[in-house]
Amino acid sequence: GGGVTGMESLIVSNISKAQASQRSGRAGRVQSGYCFRLYPEIAYDALPNLSTPEILRVNLAQVVLQLKGMGINDARKFDFLTPPTSHRLLKALELLYALDA
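Keep in mind that what you see is a predicted model, and the values were worked out from it rather than measured.

### What to know about a nonpolar patch on the surface
- The grouping of Tyr34, Phe36 and Leu38 at the surface amounts to a nonpolar patch, some 520 Å² of accessible area in total.
- For leucine 38, the location among the structural elements is in the loop between α1 (17–26) and α2 (41–46).
- Residue classification places leucine 38 among the exposed residues on the basis of a relative accessible area of 82%.

Here is the structure:
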């Protein structure tokens, strides 16, 4: 997340059951394989079925810059598949303004 400093960082978070199933499918894609899950079954049962769309989890500053690079100057009017909140878009614009980007 971006936090107060505007610095990006990787945050460890739980995956969804759908992501866990997808990853186990990759274990045997080319040849027989195994998937070892390093958490108990009760932890798996507590996972959400689906994950939150990435557009709702990431700092939008990079998204806004990419849209501007494609000639879309007002990200608020872009037809996102899963639209972020206007508050999150405003925070991204504030960060870009502070960085003089």
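### With respect to the packing of aromatic side chains
- Following the criterion strictly, the structure yields 2 aromatic pairs and no others.
- Above the face of the tyrosine 44 ring, lysine 17 is positioned so that its terminal group lies 5.8 Å from the ring centre.

### Quick notes on the environment of leucine 56
- The residue leucine 56 is located in the loop between α2 and α3 (61–69) in this model.
- Overall, leucine 56 belongs to the partly exposed group, its relative accessible area being 35%.
- Once the C-alpha coordinates of leucine 56 and cysteine 35 are considered, the two residues, 21 residues apart in sequence, prove to be 29 Å apart.
- Once residues lying within four places of it in the same chain are set aside, the contact partners of leucine 56 are Thr82, Pro83, Pro84 and Arg88.

Thresholds applied
- Residues numbered from 1 in each chain as written.
- Predicted model: local features only at pLDDT ≥ 70, side-chain atom pairs only at ≥ 80, totals over all residues.
- Heavy atoms only, no water.
- Patch = residues over 30% accessible without salt bridge, like charges linked within 9 Å, V, L, I, M, F, W, Y side chains within 5 Å.
- Areas by Shrake-Rupley, 256 points an atom, 1.4 Å probe, with all protein chains shown as cover.
- Salt bridge = Lys/Arg side-chain N within 4 Å of Asp/Glu carboxyl O.
- Helix = DSSP H or I, 4+ residues; strand = E, 2+ residues; numbered from the N terminus.
- Buried < 20%, exposed > 50% of the residue type's maximum accessible area, 1.4 Å probe, protein only.
- Phe/Tyr/Trp six-rings, centres within 6.5 Å; stacked < 30°, edge-to-face > 60°.
- Lys NZ or Arg CZ within 6 Å of the ring centre and 35° of its normal.
- Contact = heavy atoms within 4.5 Å.

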